[in-house]
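What follows is the residue order along each chain.
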Amino acid sequence: MTEESTIASVAPSTPSARAGVERLRRFAAVLGALAILVAAGPFVLDTYLVNTLIRAFHYALVALTVDILWGYAGILTFGQAAFFGIGAYAAALVFTHIGFSPATIALAIALALAAPAFVGLLLGWLSFYPGSTPLYASVVSLAFPIVVTQIIFSGGTFTGSSSGLVGYQVVDFPIEAWFWVAGGGLIVFGALAYVFVKSEMARVLVAIRDNEERCSYLGINTPRVKILLTAALAGIAGLAGFSYANFSAVVAPELTGFVFGTELVIYVALGGRGTLIGPLVGTIGIDVLSSYLSGDLPYVWKLIVGLIFIAVIVALPNGIAPLVEAAWRRLVHTRRATGSERPVGLSSKPVAAVSTATLEIVGVSKSFGSLKVLEGINLTIVDGELVSLVGPNGAGKTTLMRCVSDGRERSSGLVRVNGQDIEIMPPFRIASLGLGRKFQTAGIFESLTVAECLRIACALHDQPSFLRSLEQLALPAAARLVIDATGLAELLSREARFLSHGQKQALELAMVLALEPQIILLDEPTAGLTKAERARIGRVLIDLVAQHRLAVVLVEHDLDFVREISSRVVVLHQGKIVLDGTVADVVGSQIVRNIYLGAGHA
Amino acid sequence: MMTVTLDIVTTAVLLFVVATGLLVIFGVLKIINFAHGAFLTVGAYGALVTTAFGLNPWLSFPLAFAAGAVVGLLVERLVVRPLYGRPLDAILATWGLGIVISQFITLGFGREIQFAQSPLSGTISILGETYSAYRLITLAIAVAVGLGFAALIEGSRLGLSARAVIMNEDLARGLGIDTYRVRRMTFVVGCGLAALAGALITPLSSVDPNMGVPWLINAFMLVMVAGSSFLSLALAALILGGAQVVVSSYFSPILGGMTIVLLSAVVLRLRPAGFGRD
């Protein structure tokens, strides 16, 4: 830690620490109140309601896992029911076929956790790979419970087929104790989920939801994050299933089914995805109401739920919770004080030893069928160079950027980043070799704050925490340079979608630099910027090359801008390099004039 | 052997007819109509009502189409139109719609399983094997639906507009095509086709308010694999439907029930374009 960072972290920490203690106290108060409610429940509620609530608590816990996947990570899943069912069947199968003893209880718990988690890994591997679509993941999550149900159907007497398993010995608590176990479990998991969704890691999930491509170019292995999340939440749903199989003393194939999976999604959608309280209240409320009303109003109740569900999806995609929250705030006139709006301390990372950078492009070609977009490109760029790539539209500039930053793009040829052959590496691995890429349209994370966007960009070198929320942002000097020069340093708590076009471009540039790359590719970083903004970015780029010894490759249409900042200019035309020289070479070149004036090529 | 072959062909044909309406809507509207199974059920009850009134069972096909189209017209305005551009939300809202439709059916007709009269009974003998005459007739009807639809797409103004919307919706709108109308008509036709398919499968199976769900899942998977091409849909229905028949006949009908789902997921994982072109 540098001196500056120590000062920065100590000086403003007193009010922030006080706020932290205050938050902790409120958190503990809410948990305490909920614990008292759960403790008192069995004494004040009638047996029927207690029974119903125990079931609803189990469902609510699974609904929370659906919410984390869908509301935070953007993965619409119908599969959590199947993990719940696998956990329940693990218990029922062990107790039915092996017997009931402390050892088999331990075995059942281990299986109820491990089997869903393992299946979750497989399902995640199937669903998430570089280039997979959200729709495909949803399709797989829909197919999965159907497959599980069919397997149970085909299991004969082993799984009990369509009638399920019943009459196995169970962990036999009195009804009050079940209420405490299920309610207590829900509170514990809810508290853990609360800590998690406020943590830096949950910001990574939101970032992946907002812009997965940007994440992978920031060095984040997004498929891996999603696969591990799926497996972890599968294990938790499985544990809930274990508990449910003991409470209900019967398991049926419907527990694993697709219809139950959609019901969980309905609870979460109605309550409010992306909040924790919404799915909790939604699940418990609908399940309890259903158990009362479906007796009095057969079919009509389900019809009403269906109608409300449609109305919510169409008109209130974020569910009812945000609506209630807004009404509450209007009532008590409090300002929003969510974690994201707490001030974030800013500090600088120690400057790493200046390293050399090389980008070697040897004989790179790219063709779509018979159409050759790039042909035999040879180019070597080293640190301290600011190379502008110019050429008319369709010359292959952006394609070249793509071939360098994604190993699966080029048709032939060799690319070495800092001496390392990129082979067919996906973007996140090339990013970890020290190459950062800025897109033409600013790739930022709309629903995160500026500070959070920058924190995600540091994830490669600085593992985001599962427990702590973002309070201190340590940025590399180059990124610091950009946010100081463009005024973003004052806007750290602003959500990125509220930034101006120029600020978004600057933020993305800072994010790319926060990755601590030695080579950066910039695709029209000044497109749509004002003259003043453009000049500011130009000065920053010159600084980066001169002081931080970066190698910069710039795609640019504005030739005045190119002339001011470049140390070298490469002209591309129809997929080939036609000129590689200094600014003066290009300015005086007849070839370049012909290309741009459309007089055919000389 | 002959029976299995005929089973494969007729199963593929039924799957094709059932999935056609879903594919049409997916192709043009870019949303997946998860109420498709409910529209299928609407058509099945349409057939039930037709025969209950003593009308000619053949009439159930046009009547079912009309019933599906009318319901489709109604819900397009209320539910589907606000969801263009929100494909995942559209899945959910149309699933909710499916719940609502099947609850209405339950309220009207009860929850029990019922049977509609078949327009054609008995068997036909082909190459020494006797085979259900109705299943063979479905073949002819499917071909008629396929050809009629191809004629609509290739020959009519709506078909031309629909193809334009499939290729480039913004450009189509820029050229003065009323894309809202194209979507509405497509949705209506897709729902009508779903109901027609429901009427078509009714004589082969029983009728109940939730009968559409298994068909929905298989049709959905086929459409995912087929992309937005009718030829790939036919191919997918033949290959995956054939696999289903083979697994059901030689291994276990229960495993057969998940063949299409499982194979489709694997096909998409290995080749995201499925049976379509890249």
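Residues numbered from 1 in each chain as written. Chains lettered and ligands numbered in written order. Predicted model: local features only at pLDDT ≥ 70, side-chain atom pairs only at ≥ 80, totals over all residues.

Our next topic: the overall build of chain B. Looking only at helices and strands, chain B features 11 helices and two strands. When the backbone C-alpha atoms are referred to their principal axes, chain B occupies close to 60 × 45 × 35 Å. Residues classed as buried in chain B amount to 50% of the 278 residues present. Sequence-distant contacts in chain B: of pairs separated by 6 or more residues, those separated by 24 or more amount to 77%. (Helix = DSSP H or I, 4+ residues; strand = E, 2+ residues; numbered from the N terminus. Buried ≥ 20, exposed ≤ 12 C-beta atoms within 10 Å, placed from the backbone. Contact = placed C-beta atoms within 7 Å.)

Now for unusual backbone geometry. All names here are of chain A. The phi dihedral of serine 161 falls on the positive side, at around 45°, and the residue is not glycine. By the element assignment, serine 161 lies in the loop between helix H7 (156–159) and strand E1 (165–166). You can call serine 161 partly exposed: it has 15 C-beta atoms within 10 Å.

Our focus in this paragraph is the sheet that holds strand E4 (residues 358–368) of chain A. All names here are of chain A. Across the sheet, which stays open at both edges, the four strands sit in the order E5-E4-E7-E8 with antiparallel pairing between neighbours. Sheet topology places strand E5 (371–382) and strand E8 (420–421) at the edges, where each strand pairs with a single neighbour. When E4 meets strand E7 (residues 412–417), the two strands line up antiparallel, connected through five bridges. Looking at E7, one finds that valine 362 is bridged to leucine 414. (Pairing = 2+ DSSP bridges.)

Quick look at the nonpolar core now. Leu454(A), Ala510(A), Val552(A) and Leu222(B) are the most contacted members of the largest nonpolar core, which has 283 residues in total. Those residues in contact with Ala510(A) that lie beyond four places of it in its chain are Leu454(A), Ala479(A), Val482(A), Ile483(A) and Leu488(A). (Core = buried A, V, L, I, M, F, W, Y, C linked by C-beta atoms within 7 Å.)

Our next topic: the sheet that holds strand E14 (residues 576–581) of chain A. Residue and element names in this part refer to chain A. Spatially, E9-E11-E12-E6-E13-E14 is the arrangement adopted by the six strands of the open sheet, whose pairing is mixed. Edge positions in the sheet fall to strand E9 (435–438) and E14, since each of these pairs with one other strand and no more. Mean inter-strand twist for the sheet, computed between neighbouring axes without regard to direction, equals 15°. In this structure, strand E11 (residues 519–523) lies alongside strand E12 (residues 551–555), joined through five bridges in parallel fashion. Bridge pairing links isoleucine 519 to alanine 551 in E12. Lying over the sheet, helix H20 (residues 501–514) contacts E9 and E11, oriented at roughly 170° with respect to E9. (Axes fitted to C-alpha atoms, helices over the stretch in contact; angles between N-to-C directions.)

All names here are of chain B. Judged from the four bridges that link them, strand E1 (residues 123–126) and strand E2 (residues 129–132) form a sheet pairing that is antiparallel. If you follow serine 125 over to E2, its bridge partner there is threonine 130. Turn length for the E1-E2 hairpin, with the two strands adjacent in sequence and antiparallel, is two residues, and the turn residue leucine 127 shows positive phi of about 45°.

The next point concerns the pairing of E7(A). Residues and elements named next belong to chain A. Relative to E8, E7 is paired through two bridges, and the arrangement is antiparallel. Each bridged residue has a counterpart across the sheet, and for valine 417 the counterpart in E8 is glutamine 420. Connecting E7 to the next strand, E8, in antiparallel fashion are two residues, including asparagine 418 with a positive phi near 50°.

A word on the interface of chain A and chain B. Every contact between the two is made by 27 residues of chain A and, on the other side, 30 residues of chain B. A total of 11 residues in the side of chain A that touches chain B trace back to one element, the largest contributor, which is helix H6 (residues 134–153) of chain A.

Residues and elements named next belong to chain A. What the domain assignment reports for chain A is domain 1 (20–337) and domain 2 (358–597). Each of domain 1 and domain 2 has a C-alpha centre, and these two points are 42 Å apart. Contact residues are listed per partner, giving 21 residues for domain 1 and 27 residues for domain 2. Listed by contribution, the elements that provide at least two residues to the side of domain 1 that touches domain 2 are helix H8 (175–198), helix H9 (200–210) and helix H10 (212–217). At seven residues, H9 tops the list of elements feeding residues into the side of domain 1 that touches domain 2. (Domains from an automatic or database assignment.)

All names here are of chain A. Here chain A shows a mean pLDDT of 85. Residues at 70 or above account for 94%. Per-element mean pLDDT across chain A ranges from 42 in helix H1 (residues 3–10) up to 94 in helix H11 (residues 222–248). In this model, residues 1–12 is a region of pLDDT below 50 whose contacts with residues beyond four sequence positions or in other chains number 15 contacts. (pLDDT = per-residue confidence, 0-100.)

Here we take up H20(A). In this model H20(A) runs 20 Å from its N-terminal to its C-terminal C-alpha over 14 residues, within 8% of the 20 Å that 1.5 Å per residue would give. Positive phi appears at Glu516(A), one or two residues downstream of H20(A), with a value of about 55°. (Expected span 1.5 Å × (residues − 1).)

Here helix H5 (residues 102–127) of chain A contains 26 residues, and its C-alpha end-to-end distance of 37 Å stays within 8% of the 38 Å for a straight helix at 1.5 Å per residue. Residues of H5(A) that are buried: Ala108(A), Leu111(A), Ala112(A), Ala115(A), Pro116(A), Ala117(A), Val119(A), Gly120(A), Leu123(A), Gly124(A), Leu126(A) and Ser127(A). Where H5(A) is buried, its residues meet helix H4 (80–97), H6 and H11 of chain A together with helix H11 (253–270) of chain B.

The subject of this paragraph is the environment of Pro427(A). Among the structural elements, Pro427(A) can be located in helix H17 (residues 427–432). Each C-alpha atom of the pair Pro427(A) and Arg437(A) lies 9.5 Å from the other, and the pair is 10 residues apart in sequence.

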